[in-house]
Amino acid sequence: NLIAIGGDDGSVRIHDTVRGEIVAVLAGHGGAIFDVDWHPDGQRLATASPGRYTVWKRVTPTQYRIEQTVRTDGTVHMRVRWSPDGKWLATHGHNSQRLSVRDESLAVINSFYAPTSLDDMSWAADSNRLAFTTHLGDLIVLSRDCKELARGKQDTQQPFAVAWHPTKDIIATPTPDGLIFWNSKCERETTIRVTEDELNRNWRVARWSPDGEQLAIGIGATYDVYLVSQDGNATKRLEGVAVHLWD
């Protein structure tokens, strides 16, 4: 029942959705928070901010302490993603071509250098594969040791979000071309239109529900969210939603 929201003031606010209040504020990141991701155990939270990655540990329902932190060369860090088994943390920075897989101590185990700047990334359910997207419209699947396994490309050269299905080898990417469902070989299976003005949409977020029945896709800046069924036949628009991550 907790949602973590990172702010421009360098703090993360933990909201209890049942009690409807902020139960903790995690400060001291040294700059704006660009991404957060809960560990699968629900007790730890990874954050990305200028020059550092941080992992917070929940001590009590209202208290958190820093468990691990790693400072880098001042890179603005954009993405943190825990693997489903909780053993690995994938990271990359703003305008960076380097994707790194870190262990729980935040030490870099393996890295991959992409042909251009990275955008979003998502783990497969087996924690052995990772899909990411680039600013030139590439979809690339890596093994956990950062070996390239497959590559696909959308028609429009634009950043886009990515979400690997929680139980199946289905990768969803909302793009200006439509909502594309790929297989793990980066081959297109289905493309559907979510909105009539798809080309004007800046899709920045994609998250499957835990049961894999619905996909939430969010539009940058406006915070509008669309819920799309797995078969693409049902679409529901949620306007003005400021938080678009599943609990």
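All of these numbers come straight from a predicted model, not from anything done at the bench. (Residues numbered from 1 in each chain as written. Predicted model: local features only at pLDDT ≥ 70, side-chain atom pairs only at ≥ 80, totals over all residues. Heavy atoms only, no water.)

## Topic: the pairing of strand β9 (residues 108–113)
Piece 1. Sheet topology places strand β8 (residues 98–102) next to β9; five bridges connect them, and they run antiparallel. When the bridges of β9 are listed, Arg-102 appears paired with Val-108. (Pairing = 2+ DSSP bridges. Helix = DSSP H or I, 4+ residues; strand = E, 2+ residues; numbered from the N terminus.)

## Structural notes on the pattern of salt bridges
Piece 1. For the coordinates displayed, the defined rule picks out twelve salt bridges.
Piece 2. Measuring nitrogen to oxygen at the nearest pair gives 3.3 Å for the salt bridge that ties Arg-79 to Asp-120. Of this pair, Arg-79 sits in strand β6 (residues 63–82) while Asp-120 is found in strand β10 (residues 118–123), placing the two residues 41 residues apart along the sequence.
Piece 3. The buried category is assigned to Arg-79, whose relative accessible area is 11%.
Piece 4. Of the charged contacts, one joins Asp-169 and Arg-129 as a salt bridge, the two residues approaching to 3.0 Å between their closest N and O atoms. Of this pair, Asp-169 sits in the loop between β14 (163–164) and β15 (171–175) while Arg-129 sits in strand β11 (residues 129–134); the two residues are 40 residues apart in sequence, bridging distant segments of the chain.
Piece 5. Residue classification places Arg-129 among the buried residues on the basis of a relative accessible area of 18%.
Piece 6. One network of salt bridges, in which partners are shared, links Asp-35, Arg-79, Arg-81 and Asp-120. (Salt bridge = Lys/Arg side-chain N within 4 Å of Asp/Glu carboxyl O. Buried < 20%, exposed > 50% of the residue type's maximum accessible area, 1.4 Å probe, protein only.)

## Re the sheet that holds strand β13 (residues 148–153)
Piece 1. Read from one edge of the open sheet, four strands run β10-β11-β12-β13, paired in antiparallel fashion. Both edges of this open sheet fall to β10 and β13, since each of them pairs with a single strand only. This sheet shows a mean twist of 20 degrees between the axes of neighbouring strands, independent of strand direction.
Piece 2. The pairing of strand β12 (residues 138–143) with β13 spans five bridges and is classified as antiparallel. Directly across from Leu-142, in β13, lies its bridge partner Glu-148. (Axes fitted to C-alpha atoms, helices over the stretch in contact; angles between N-to-C directions.)

## Observations regarding the sheet that holds strand β2 (residues 12–16)
Piece 1. Here we have three strands laid out as an open sheet, ordered β1-β2-β3, and antiparallel in their pairing. Unpaired on one side and paired on the other, β1 (2–6) and β3 (21–26) mark the two borders of the sheet. For this sheet, the mean inter-axis angle between neighbouring strands, taken without regard to orientation, is 25 degrees.
Piece 2. Judged from the five bridges that link them, β1 and β2 form a sheet pairing that is antiparallel. If you follow Ile-3 over to β2, its bridge partner there is His-15.

## Details of the nonpolar core
Piece 1. Leu-99 and Phe-132 are the most contacted members of the largest nonpolar core, which totals 14 residues.
Piece 2. At the level of secondary structure, the elements contributing two or more residues to this core comprise β8, β10, β11 and β12.
Piece 3. By residue number, the principal contributor to this core is β10, which donates three residues.
Piece 4. Look past the residues within four positions of Phe-132 in its chain and what remains in contact with it is Leu-99, Phe-112, Ala-114, Leu-118, Asp-120, Met-121, Asp-138, Leu-139, Ile-140, Leu-142 and Val-162.
Piece 5. With twelve residues, the next largest nonpolar core counts Ile-14, Leu-26, Val-36 and Trp-56 among its residues. (Core = buried A, V, L, I, M, F, W, Y, C linked by side-chain atoms within 4.5 Å. Contact = heavy atoms within 4.5 Å.)

## Comments concerning the pairing of strand β7 (residues 89–93)
Piece 1. Where burial is concerned, most of β7 is hidden: five out of the five residues are buried.
Piece 2. Summarising the sheet, β7 and β8 pair through four bridges and their orientation is antiparallel. Residue pairing across strands places Thr-91 opposite Ser-100, the latter belonging to β8.

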